[in-house]
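The lines below spell out each chain.
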Amino acid sequence: MSNIRILRQKKSKKSKKKIRIVRLWQLCLNSVVETAFHRNLPYMKKTSFYFDFRVSDISICYSSLTFQKVHEKVCIISQPTSFKLTEEPGSFWMRTCKNEDSMFYCSYICFQGNAIKTYKYNVLTFLPLNLYEQFKRAANLYFLCLLILQIIPQISTLPWYTTLVPLVLVLGITAIKDLVDDLARHRMDKEINNRRCDVLLNGRFEETRWMNLQVGDVVRIKKNDFIPADILLLSSSNPNSLCYVETAELDGETNLKFKMGLKVTDERLQEEDQLARYNALILCEEPNNRLDKFMGTMIWDSQSYALDLDNMLLRGCKIRNTDVCHGLVIFAGNDTKIMRNGGKTRFKRTRIDILMNYMVYTIFALLVLLCAGLAIGHTYWYESIGSKAWYLYDGLGYSSSTRGFLSFWGYIIILNTMVPISLYVSVEVIRLGQSKFINWDLQMYYADKDTPAKARTTTLNEQLGQIEYIFSDKTGTLTQNIMAFKKCTITGLTYGETNHHHFIHFTFSLIFTQPVDFSWNKYADKKFQFEDHFLVSCIRSKKDPQIHEFFKLLSLCHTVMVEHKGDELVYQAASPDEGALVTAACNFGYVFLSRTQDTITILEMDHEETYEMLALLDFNSDRKRMSIILRFPDGKIRLYCKGADTVIYQRLDANSKNIETTQEALDLIGATAIEDKLQDGVPETIAKLAKANIKIWVLTGDKKETAENIGYSCQLLTDNMKIHYGEDVNVQLRNRQTQRRNDPQGRNKKLKEQFFTESGNNALVITGGWLNEILYEKKKKRRRLRLKKLRKRFTNSTNPPDSNQPVDDWEKEKRQEDFVDMACECSAVICCRVTPKQKANVVSLVKRYKKAVTLSIGDGANDVNMIKTADIGVGISGQEGMQAVMSSDYAFAQFRYLQRLLLVHGRWSYIRMCKFLRYFFYKNFAFTLVHFWFSFFNGFSSQTAYEDWFITLYNVCYSSLPVLLVGLLDQDVNDKLSLRFPKLYLPGQQGSLFNYKNFFISLFHGIFTSLMIFFIPYGAFLQTMGQDGEAPSDYQSFAVVAASSLIITVNLQISLNTSYWTFVNFFAVIGSIAIYFGVMFDIHSAGIHVILPTTFTFTGAASNALRQPYLWLTIILTVGICLLPVICIQFLYQTIWPSVGDKVRSLKNERKKKKPAFQRGGRSRRSAYAFSHSSGYADLIASGRSIRQRPRVRANGKWERRVF
């Protein structure tokens, strides 16, 4: 028996498409046949691959397109989903070729192998590919161009290693990080590709690796095995080929789901010999990333069978509660749905990132202007002075303009450190450290589920300190999403209330307030609590058929899976509310026992019934309901439906008594009430975030009453708020639209009037239907046609247009902007009955019109769009799986942790990053602009003010560690004060700590420092005589003094900016200064000069200069003058204009100073007598007089006391 061989053609952009022969199929045919699709397949027009024929027998059924084959088993054809086999036979056309060749032509695509490759590099491609990716960054490319310029002798003013060493260091750190990540991907790919599974080869199952699987292979998968590819389920060891799978790696959900094989394959493909003889044609859709959809057709023995997602086992899932299952590989490797979903997500960037890039562009523009000015200065200087000085003649013969041009590039090289090469690497290191701090925070660890907080990205930490709007889901985010069945109403009667009207007698009231005893039901859940005994008595009496129908519906209309563990039933539900309903029905005696592909079996009180399932329509966010069609044992067919009240009410029958005949509408049986409690700490968290000026919007799919009640429970809504609903909002927006139309300048000016007179006490509660009405969210094509008609009607008529409809897209956008303005005036906004798409649209509207930083938080798959749309997405690992977590940027287990994420980690990250950037720009300006001042005294000749190796190591060794630690560890106040005073969060929202104002302050601060570092040593060196009678006013000594002053100044400056001191910070500052002096003395020594005389030219300069006390005084004076203004300004700001942080720190210090006069439990206790402010009674005691008080006597009209 030969193996299954699959053929496909690779796509090509050329007009004549290349044909790739994958394998040859041995077919039985007597003529050469060419087939091709002729509709909806633009890339399959005249393409072919070849078949060898040897046997003179072929049977082609034109209507069903069945290939009769003798030696082969399965042929799989992939086609677009728009093609349907059930259409007219003209969908395919065939003809016999005149050339009796031994090849068969057909047009298909080449199949993928099952090996996966997620890594980016190998041994040969790592270096070139990684360098290519790194040099796509503008900063790295800029420094590469500088390095090339430094190689040119005519313009080189610095040795090449001054740029090469920092550049190699930056590229090396990034390359090592990429290499570590890619090695992890290599290990993961190797582990997955070498997993084992059983495949049918030569009529028997043999073990093979996943990487060797091919499309068309029949595989056998055992219990607890991962599924190696996207597989069509053929049969399983369970009845009716039922197979349970866990999709945690696919969509994050841990609830078991069931898959079913076709009935025909279940009956005929159980044994190895049956599977070996299996031959069929599979027509299916192209590989795609739709996890919720699959369309295909199996043609077997001239019969067609429809295939859908319930028949497919997707790669990444795990087999559960099923001993063995057999399947056919449909998609393999990168064609599988899980691999197709591994595409790149939208790259999110912070505001600081964008601002930092603009500032780098600004620095580059300043650099070009400075270099151009210095080049012009050199041209003028050489024309007037340099060309006339005989001692400056170099013999090159360049004109003054040529020398100015060369000087421009020379200064580009010298002043290149204005554009910081190590900035981006340092920022990434800081962000990585801050992400680790979030992961390690034990106060965000949820012990009940062993779930720590997780920063799933390292690029958005400082954005957490700038959030202005939070968009939150309700169920599972604000609530626990642990549903409990509390009440129900059946035919107008409500059950579940303890004060039921049926129990009037007082003697029974005490009995009936106790929970119902379900001990009569062996399947009852012991955790289930219900207090209405009357409902149980009605059920057990079997007198009310409507109650019987109600609980029968709950036990039949669902997609719950059941697992038998002895006498205990374990239900696996897709959602908590569905599990709660089935559990409730089970407790009341309607026990769901099992299900097969076509049947559902339940226990109705004391007898077991099996119902034939004819159709099942699952719940989704569009339908908002679930339906099932059943054939009862008596032959009657009935449809059961449950769902949201809004969709059920629309489908009710006006004559609900007519239940014996065929109906076009539904009969209402009853309704349920399920309780979902708030999570711990939700009201407190919302209150603190509100004090931090963060506005919270709740976007939920629940009905208005439920959402409004939750709003009051979590204190988002209060009693003194005025609530505005969709009708009120629509009226106000129409009035604003009419006002704008009546104003001749309405299109040119923005109306600034507020919608509400009392700001701060308004709340907005709006449904998804009103949201569509207000924002005109209709189908795009219909909306364009409507707007076109309205525009024509408006231009051809003198009457004003209908105020309810927009005239054009501009009015639609203004309507949306008005809605956002109105909502932002409210203290709370609740949008209910909204779809996942509407959630994302609301977030995008606020981002577009408010330019605000937004955060979305949710726990379910319906929140994924909202999470991805917001600037920052937070996922809660709750009861609805892990899809929200996998799509999020940050994840944790409880909503209350959001306040710590924002008010502590977010605020700290923002402050740290702002301090780092301000200081980083300052120290580079202070370092680089010394060359600028020096150029006025060297004829603008591109001469450096420092020694070459100092320029090389300045940003690498001498000044990098202290500022890096500030970016990682600094904090203005501790975490407790950050949570206690939410107002500390306001500077981040305002962006006041890092903006262009702060940038130019850093620039002018750097200019001032560079002026002092250059001109104070310059003045000290003008007329100087050392102790040994020699003048130390040479260039090398000046460079040593200027460099020493700079290093001490910038390291002490970061000390002044440090708010939180640790031993590491202290060691970094002192260590950086020590490293500078140690390295300087080494590279200025005679020993290293002997080894490399042309590279190390400052021989003895450090030791000669720094042995002069005069120069040490110069360094101290320079450092003092640089730091004194900073100290004074900081003192004035903290005294006269203190920030919120300054006030909190001063309050903390005052509390530390106030200590109680007496403390119990202390080791040493002093007498209060020792601290008495007046003399005691020692003299009186020694005198022997009594200190007993005499009675009071009246003397001269006054009362006196006498001591005797």
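A brief report on the enclosed structure follows. Because the structure is a prediction, the values reported are computed rather than measured.

1. Side note on the overall build of the protein chain
Within the protein chain one finds 37 helices and 40 strands. Residues classed as buried in the protein chain amount to 49% of the 1204 residues present. Expressed as a percentage of contacts within the protein chain between residues at least 6 apart in sequence, the contacts between residues at least 24 apart total 73%. For the protein chain, the accessible area works out to roughly 60400 Å², and carbon and sulfur atoms hold 55% of it.

2. A word on the packing of helix α3 (residues 161–193) against helix α26 (residues 948–958)
Closest axis-to-axis distance for the α3/α26 pair is 8 Å, and the angle between their directions is 20°. Of the possible angle classes, the one that applies to α3 and α26 is roughly parallel. Both α3 and α26 take part in a crossing whose hand is right-handed. Two secondary-structure elements touch here, α3 through Y161, T162, V165, P166 and L169 and α26 through D948, W949, T952 and V956. Of the residues belonging to the contact of α3 with α26, the class tally is six nonpolar, two polar and one charged.

3. Examining the packing of helix α13 (residues 545–556) against helix α14 (residues 576–587)
Where α13 meets α14, the closest approach of the two axes is 8 Å, and the angle between their N-to-C directions is 130°. The pairing of α13 with α14 is recorded here as oblique in orientation. Taken as a pair, α13 and α14 cross one another with a handedness that is left-handed. Mapping the contact onto sequence places F551, L554 and S555 in α13 and L581, V582 and A585 in α14. By residue class, the composition of the contact of α13 with α14 is five nonpolar, one polar and no charged.

4. Some points on the packing of aromatic side chains
To describe a pair of aromatic rings, you give the distance between the ring centres and the angle between the ring planes. Within this structure, the stated rule accounts for 64 aromatic pairs. Between the aromatic rings of Y121 and F126, the centroid separation amounts to 5.2 Å while the plane-to-plane angle is 90°, which identifies the pairing as edge-to-face. When its relative accessible area of 3% is taken as the criterion, Y121 is described as buried. Pairwise contacts between aromatic rings join F932, W933, F934, F936, F937, F940, F1014, F1015, Y1018, F1021, Y1035 and F1038 into one cluster. The ring of F920 has K923 sitting right over it, with the charged end atom 4.4 Å from the ring centre.

5. A short note on the state of the cysteines
For the structure shown, the criterion picks out zero disulfides. C824 takes part in no disulfide bond, and the closest cysteine sulfur to it belongs to C826, at a distance of 8.7 Å. A residue is classified by how much of its surface remains accessible, and C824, at 7% relative accessible area, is buried.

6. Focus: the pairing of strand β32 (residues 695–699)
Among the five residues of β32, four are classified as buried, and the element is accordingly described as predominantly covered. Pairing of strand β21 (residues 469–472) with β32 involves four bridges; the strand directions are parallel. Paired with Y469 across the bridge in β32 is K695.

7. A short note on the sheet that holds strand β8 (residues 196–201)
Taken together, the six strands give an open sheet; going across it, the order is β9-β8-β10-β19-β11-β17, and neighbouring strands pair in antiparallel fashion. Two strands lie at the open edges of the sheet, namely β9 (204–209) and β17 (312–313), each paired on one side alone. When β8 meets strand β10 (residues 218–222), the two strands line up antiparallel, connected through two bridges. Residue pairing in the sheet places D198 in a bridge with R220 of β10.

8. A closer look at the pairing of strand β15 (residues 296–300)
Counting buried positions along β15 gives five out of five residues, so the element sits mostly inside the fold. One ladder, built from four bridges, connects strand β14 (residues 280–284) with β15; its direction is antiparallel. Along β15, the bridge assignment pairs L281 with I299. With five bridges joining them, β15 and strand β16 (residues 303–307) adopt antiparallel strand pairing. Bridge assignment links M298 to a residue of β16, and that residue is Y305. Between β15 and β16, which pair antiparallel one after the other, the connecting turn spans two residues, and D301 there sits at a positive phi close to 55°.

About the thresholds
Residues numbered from 1 in each chain as written. Predicted model: local features only at pLDDT ≥ 70, side-chain atom pairs only at ≥ 80, totals over all residues. Heavy atoms only, no water. Helix = DSSP H or I, 4+ residues; strand = E, 2+ residues; numbered from the N terminus. Buried < 20%, exposed > 50% of the residue type's maximum accessible area, 1.4 Å probe, protein only. Contact = heavy atoms within 4.5 Å. Areas by Shrake-Rupley, 256 points an atom, 1.4 Å probe, with all protein chains shown as cover. Axes fitted to C-alpha atoms, helices over the stretch in contact; angles between N-to-C directions. Parallel < 35°, antiparallel > 145°, perpendicular 65-115°, else oblique. Left-handed = near helix turned anticlockwise from the far one by under 90°. Nonpolar A, V, L, I, M, F, W, Y, C, P; charged D, E, K, R; others polar. Phe/Tyr/Trp six-rings, centres within 6.5 Å; stacked < 30°, edge-to-face > 60°. Lys NZ or Arg CZ within 6 Å of the ring centre and 35° of its normal. Disulfide = S-S within 2.5 Å. Pairing = 2+ DSSP bridges.

By themselves these figures say nothing about function.
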